[in-house]
Number of protein chains: 4
Amino acid sequence: MNKGRVESFTDAIVAIILTIMVLEIKVPGGYQWSDLLDNLSAFIAYTISFFFILVAWYNHHYMFSLARVISKKIFWANNIWLFVMSFYPVSTAWLGKYIDRLPPAFFYYFVFLFWTFAYQWLSYEIKSARENKEIKTKIEHMSIYQFTKNPIFYFSGFVIAILIFYFPPFVLITSVVELVSMLIFTNEDSDRLFS
Amino acid sequence: MNKGRVESFTDAIVAIILTIMVLEIKVPGGYQWSDLLDNLSAFIAYTISFFFILVAWYNHHYMFSLARVISKKIFWANNIWLFVMSFYPVSTAWLGKYIDRLPPAFFYYFVFLFWTFAYQWLSYEIKSARENKEIKTKIEHMSIYQFTKNPIFYFSGFVIAILIFYFPPFVLITSVVELVSMLIFTNEDSDRLFS
Amino acid sequence: MNKGRVESFTDAIVAIILTIMVLEIKVPGGYQWSDLLDNLSAFIAYTISFFFILVAWYNHHYMFSLARVISKKIFWANNIWLFVMSFYPVSTAWLGKYIDRLPPAFFYYFVFLFWTFAYQWLSYEIKSARENKEIKTKIEHMSIYQFTKNPIFYFSGFVIAILIFYFPPFVLITSVVELVSMLIFTNEDSDRLFS
Amino acid sequence: MNKGRVESFTDAIVAIILTIMVLEIKVPGGYQWSDLLDNLSAFIAYTISFFFILVAWYNHHYMFSLARVISKKIFWANNIWLFVMSFYPVSTAWLGKYIDRLPPAFFYYFVFLFWTFAYQWLSYEIKSARENKEIKTKIEHMSIYQFTKNPIFYFSGFVIAILIFYFPPFVLITSVVELVSMLIFTNEDSDRLFS
């Protein structure tokens with residue numbers, strides 16, 4: 001497929017998902033600071049989801065730069081990734097509304113997990129489509145790839161579920177931790193690629 | 001016309017239609033799982049429409065790659081196609097709200113049929129604009145093209161209408177069947193085009 | 001300025017304006033055909049505005065292809081054009097809601113007129129920025145350019161205002177007439193430009 | 001990083017923020033001119049925010065044209081800039097609703113200030129990434145860069161806060177003044193860059 005067209009189509013969808021999340025922050029019903037603060041948990045959930053998606057976009061952008069062609073399989077792995085991400089506005093808004101309740105926290109966590117699986121599948125398809133060994137290695141060295149391939153990922157996923165059970169807002173702490181670690185541990189060549 | 005600009009304009013519109021459909025999935029009014037499940041039929045309708053549009057985009061992308069120039073006629077066939085697709089958010093949300101009622105099911109079905117006709121016209125215009133025989137043949141070999149040219153298409157369209165009459169959600173089953181068959185039967189060169 | 005970036009930024013804004021208009025077509029509150037028909041005037045207003053914007057985009061696309069550079073003046077003429085167009089969703093929705101009332105019809109008409117003036121200014125700036133005489137002539141030959149330069153335009157604008165006063169929905173008929181004539185009378189080279 | 005992809009991703013987000021602000025202008029509840037005028041302060045706030053973002057985009061576009069590569073640091077400075085800007089629809093709508101109240105005016109002002117700081121950081125990162133002295137000088141000559149580096153900026157920021165305290169709508173006058181001065185004092189080469 002036409003890689004540039006798939007990229008810009010993907011970017012448009014990600015940009016819209018990112019931006020419609022802010023539509024869920026309702027204009028305060030009154031003119032007091034307290035009216036604005038009613039939205040506080042929505043602000044927090046929005047902020048975390050916003051940066052989380054940007055970190056993911058950074059990795060997606062890096063990975064796509066390593067793909068030579070976009071096969072039908074890569075296209076569909078990418079679509080599943082976009083589809084799961086399209087639930088972020090709903091899951092973020094629900095969590096922002098009831099930040100201390102179990103079902104919204106678990107729903108947010110499920111969307112987060114499914115999205116991780118979709119990402120894993122996408123990276124696997126991009127890796128498989130290349131014969132170039134150096135590039136395969138680069139993808140395998142991405143922190144997100146290594147983390148999701150590690151048995152610790154499944155174990156920690158289980159532990160996090162228990163922690164959320166006792167303290168629902170923990171799901172946001174999980175997001176922040178993954179966000180920051182994905183932000184720090186990027187492949188060294190990721191911002192030199194096009195220089 | 002400038003093919004790249006028409007493509008990216010089309011992609012932006014398709015990306016927005018795809019994403020605003022998710023706005024119709026309302027944030028649950030309570031914090032229980034049952035509040036989320038109230039949205040179940042909306043989720044199902046959304047999922048099917050989302051992937052249906054992506055499959056159509058895949059075919060659109062393939063067909064446009066075969067066009068050498070975008071004539072005024074192709075541009076307007078493309079616009080009609082976009083216009084009909086712009087009713088998907090409304091028809092999907094209406095069906096998602098009343099999944100077992102006749103009028104929403106038939107409205108969804110009409111949008112679906114008109115969109116198919118618009119697509120047929122678009123493929124016809126792209127085919128007609130090329131003198132190259134090989135490319136004409138490629139377009140004629142697309143499963144969606146062959147299907148809509150076949151008298152069986154009109155016959156089955158009639159049978160489906162009857163089935164929807166007795167069981168409205170059948171319209172979604174129809175979508176899934178067309179989605180899956182369009183997903184499987186793509187031209188062999190469609191994902192090798194740019195390698 | 002970077003012409004490609006201005007074009008794609010413009011296209012993104014036009015695509016969003018085009019698509020959010022459909023958000024004003026509310027999902028019917030009931031499941032009867034009559035519930036859908038409650039939206040009929042909104043459908044009609046939406047359809048006309050949708051195609052009107054597409055026709056304008058076609059002319060915009062043609063005119064920009066004749067521009068060699070995007071100067072600060074052209075950029076700002078373009079921004080005013082986008083700004084006025086951004087009122088189309090509101091003016092269309094208001095007219096769609098009260099299709100037989102004077103204020104919504106005149107508001108729609110004012111947006112329409114201001115948009116035409118913005119377009120005229122934009123075409124003037126693009127024309128002035130080129131020294132090439134052939135290209136100046138091409139812009140002057142565009143039907144929309146010729147029409148807005150003609151005194152008849154101001155006279156007919158006045159007559160239309162009177163007709164709207166007696167029959168508000170006439171504003172939509174005006175749009176359709178301009179739409180169709182702009183659709184038919186395009187410069188001959190407009191769809192051969194890039195072949 | 002891929003500069004073109006970061007640019008078009010940024011443009012898509014800016015275009016959406018710009019356009020969803022218009023969604024906050026509600027369709028009037030009645031068909032009288034007075035119903036439209038109920039929206040007057042929302043119109044004013046929208047207009048100022050719309051052009052303000054466009055002026056900022058113009059400067060952003062100029063600055064990015066001077067960047068050779070987009071490093072991880074530039075990418076994140078750009079993201080913070082986008083994040084702060086994503087509060088414009090909410091802050092504009094809140095101010096538009098209660099144009100004579102302190103909290104909405106100060107919230108709008110804070111978003112405005114944070115956005116200025118984000119912009120300053122972004123320009124600093126782009127400047128630092130280049131070794132070319134001529135380009136460093138160009139960025140330093142941008143009126144927005146010079147203004148925010150000047151102690152007068154901090155002093156005037158304080159004075160404006162006091163003025164807003166006594167007359168909340170003053171925040172919009174501040175925006176208009178900055179808008180117009182940024183519009184007039186642009187680097188001379190900013191619209192000749194690509195000729």
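Predicted model only: the values in this text are computed from it and were never measured. (Residues numbered from 1 in each chain as written. Chains lettered and ligands numbered in written order. Predicted model: local features only at pLDDT ≥ 70, side-chain atom pairs only at ≥ 80, totals over all residues. Heavy atoms only, no water.)

## Points about the UniProt feature "transmembrane region" (unreviewed entry) in chain A
All names here are of chain A. Mapped onto this numbering, the UniProt entry annotates "transmembrane region" (unreviewed entry) at residues 12-34, 40-59, 80-99, 105-124 and 152-185. End C-alpha atoms of residues 40-59 are separated by 29 Å, and the span's content is 100% helix alongside 0% strand. Between the C-alpha atoms that bound residues 152-185 the distance is 17 Å, and the span itself is 88% helix and 0% strand. (UniProt positions renumbered as here; feature names shortened; annotations may be inferred. Helix = DSSP H or I, 4+ residues; strand = E, 2+ residues; numbered from the N terminus.)

## Regarding the pattern of salt bridges
Taken as a whole and assessed by the stated rule, the structure comprises twelve salt bridges over all chains. Aspartate 11 of chain D is the salt-bridge partner of arginine 5 of chain C, the closest N and O atoms lying 2.8 Å from each other. Residue arginine 5 of chain C is found in helix α1 (residues 3-23), and its partner aspartate 11 of chain D is found in helix α1 (residues 3-23); the two belong to separate chains. With a relative accessible area of 4%, arginine 5 of chain C lands in the buried category. Among the ionic contacts, a cluster of salt bridges with common partners joins Arg5 of chain A together with Glu7 and Asp11 of chain B. (Salt bridge = Lys/Arg side-chain N within 4 Å of Asp/Glu carboxyl O. Buried < 20%, exposed > 50% of the residue type's maximum accessible area, 1.4 Å probe, protein only.)

## Structural notes on the packing of aromatic side chains
Summed over all chains, the structure comprises 116 aromatic pairs over all chains. Geometrically, the ring pair formed by tryptophan 81 of chain A and tryptophan 115 of chain A is stacked, given 5.8 Å between the ring centres and 20° between the ring planes. Here tryptophan 81 of chain A is found in helix α4 (residues 72-85), whereas its partner tryptophan 115 of chain A is found in helix α6 (residues 102-129), with 34 residues between them in sequence. Its relative accessible area of 4% is what places tryptophan 115 of chain A among the buried residues. Grouping aromatic residues by their ring pairs yields a cluster made of Phe9, Phe75, Trp76, Phe83 and Phe87 of chain A together with Phe43, Tyr46, Phe50, Phe51, Trp57 and Tyr58 of chain B. (Phe/Tyr/Trp six-rings, centres within 6.5 Å; stacked < 30°, edge-to-face > 60°.)

## What about the side chain of aspartate 11 of chain B?
Taking the relative accessible area as the measure of exposure, aspartate 11 of chain B reaches 2% and is therefore buried. In this structure, aspartate 11 of chain B is in contact with Arg5, Ser8 and Phe9 of chain A together with Trp57 of chain B, ignoring residues within four places of it in sequence. (Contact = heavy atoms within 4.5 Å.)

## Regarding the interface of chain B and chain A
Between chain B and chain A, the residue contacts involve 37 residues of the former and 35 residues of the latter. When chain B packs against chain A, close to 3,500 Å² is buried across both sides, 76% of that on carbon and sulfur atoms. If you sort the residues of chain B by the area they bury against chain A, Val27, Tyr31 and Trp33 of chain B come out on top, with a joint share of 19%. Our enumeration of links across chain B and chain A arrives at two salt bridges. Residue glutamate 7 of chain B pairs with arginine 5 of chain A through a salt bridge whose shortest N-O separation is 3.9 Å. For the interface between chain B and chain A, the tally reads seven residue pairs in polar contact (both at pLDDT 80 or more). Put simply, the parts of the chain that give the side of chain B that touches chain A at least two residues each are α1 (3-23), α2 (33-37), α3 (40-66) and α10 (170-184) of chain B. Looking at which element gives the most residues to the side of chain B that touches chain A, the answer is α3 of chain B, with twelve residues. (Buried area = accessible area lost by both parts, 1.4 Å probe. Polar contact = N/O pair within 3.5 Å; in protein donor to acceptor, adjacent residues only side chain to side chain.)

## Section: the side chain of asparagine 78 of chain C
All names here are of chain C. Of note, asparagine 78 is situated in helix α4 (residues 72-85). Judged by relative accessible area, asparagine 78 falls into the buried class, the value being 1%. Dropping the residues within four chain positions of it, asparagine 78 is found in contact with Val6, Thr10, His60, Phe64 and Leu122.

## Concerning the interface of chain C and chain D
Every contact between the two is made by 35 residues of chain C and, on the other side, 37 residues of chain D. Counting each side, the surface lost to burial between chain C and chain D is near 3,500 Å², with a carbon and sulfur contribution of 75%. Remark: the boundary between chain C and chain D carries two salt bridges. The tally of links from chain C across to chain D stands at seven residue pairs in polar contact (both at pLDDT 80 or more). Secondary structure elements with two or more residues in the side of chain C that touches chain D: α1, α4, α5 (88-97) and α6 (102-129) of chain C. When the residues that make up the side of chain C that touches chain D are grouped by side-chain class, the tally is 25 nonpolar, five polar and five charged. (Nonpolar A, V, L, I, M, F, W, Y, C, P; charged D, E, K, R; others polar.)

## Looking at the layout of surface pockets
The computed volume of the second largest pocket comes to approximately 480 Å³. Around the second largest pocket, the lining comprises 26 residues; the ones closest to its centre are Ser8 of chain A, Ser8 of chain B, Ser8 and Ala12 of chain C together with Ser8 of chain D. In terms of residue class, the lining of the second largest pocket is made up of eleven nonpolar, seven polar and eight charged. (1 Å grid on protein atoms, 1.4 Å probe; cavity = no way out; pocket = protein on both sides within 12 Å on 5 of 7 lines; lining within 4 Å. Points joined across faces, edges and corners; volume = space filled by probe spheres on them.)

## Brief notes about the relation of the copies chain B and chain A
Overlay of chain B on chain A (RMSD 0.0 Å): rotation 90°, translation along the axis 0.0 Å. Put plainly, the chains are arranged around a four-fold axis. No C-alpha of chain B lies nearer the rotation axis than that of alanine 12 of chain B, which sits 4.4 Å from it. (Least-squares fit on C-alpha atoms with pLDDT ≥ 70 in both.)

## Notes on the packing of helix α3 (residues 40-66) of chain A against helix α5 (residues 88-97) of chain A
Packed helix pairs are characterised by how far apart their axes lie and by the angle those axes make with each other. All names here are of chain A. At a minimum axis separation of 8 Å, α3 and α5 run at an interaxial angle of 150°. In terms of orientation, α3 and α5 fall into the roughly antiparallel class. Along this stretch, α3 crosses α5, giving a crossing that reads as right-handed. Across the interface between the two elements, Ser41, Ala42, Ala45, Tyr46, Ser49, Phe52 and Ile53 of α3 pack against Tyr88, Thr92 and Gly96 of α5. When the residues that make up the contact of α3 with α5 are grouped by side-chain class, the tally is six nonpolar, four polar and no charged. (Axes fitted to C-alpha atoms, helices over the stretch in contact; angles between N-to-C directions. Parallel < 35°, antiparallel > 145°, perpendicular 65-115°, else oblique. Left-handed = near helix turned anticlockwise from the far one by under 90°.)

## Some words on the relation of the copies chain C and chain D
If you rotate chain C by 90° and push it 0.0 Å along the axis, it lands on chain D with an RMSD of 0.0 Å. The fraction of interface residues of chain C whose copies in chain D are also interface residues is only 3%, indicating that the copies meet through different surfaces.

## As for the environment of isoleucine 164 of chain D
Residues and elements named next belong to chain D. Examined against the element boundaries, isoleucine 164 turns out to sit in helix α9 (residues 151-166). You can call isoleucine 164 buried: its relative accessible area is 0%. A sequence separation of eleven residues divides isoleucine 164 from phenylalanine 153, and the C-alpha atoms of the two residues are 16 Å apart. Not counting residues within four places of it along the chain, the set of residues in contact with isoleucine 164 comprises Leu102, Ala105, Phe106, Tyr109, Phe170 and Val171.

## What about a nonpolar patch on the surface?
Residue and element names in this part refer to chain A. Nonpolar side chains collect at one region of the surface, where Phe158, Ile162, Phe165, Tyr166, Phe167, Ile173 and Val177 lie side by side and expose about 790 Å² of accessible area between them. If one sorts the elements of the nonpolar patch by residue count, helix α9 (residues 151-166) sits on top with four residues. Residue placement: isoleucine 162 occurs in helix α9. (Patch = residues over 30% accessible without salt bridge, like charges linked within 9 Å, V, L, I, M, F, W, Y side chains within 5 Å. Areas by Shrake-Rupley, 256 points an atom, 1.4 Å probe, with all protein chains shown as cover.)

## Remarks on α10 of chain B
Residue and element names in this part refer to chain B. For α10, which comprises 15 residues, the first-to-last C-alpha distance of 21 Å matches the rise-based estimate of 21 Å (1.5 Å per residue) to within 8%. Along α10, the residues that are buried comprise Val171, Leu172, Thr174, Ser175, Glu178, Leu179 and Met182. Buried residues along α10 cover an arc of 155° about the axis, so they all sit on one side. Seen from the open side of α10, the exposed residues pointing more than 90 degrees away from its buried face are Val177 and Ile184. On its buried face, α10 sits against α3, α5 (88-97), α6 (102-129), α8 (143-149) and α9 (151-166). (Expected span 1.5 Å × (residues − 1). Arc of directions from axis to C-beta.)

## A short note on the confidence of the model for chain A
Residues with a pLDDT of 70 or more make up 96% of chain A, whose mean pLDDT is 85. The weakest mean pLDDT in chain A belongs to helix α8 (residues 143-149) of chain A at 77; the strongest belongs to α4 of chain A at 92. (pLDDT = per-residue confidence, 0-100.)

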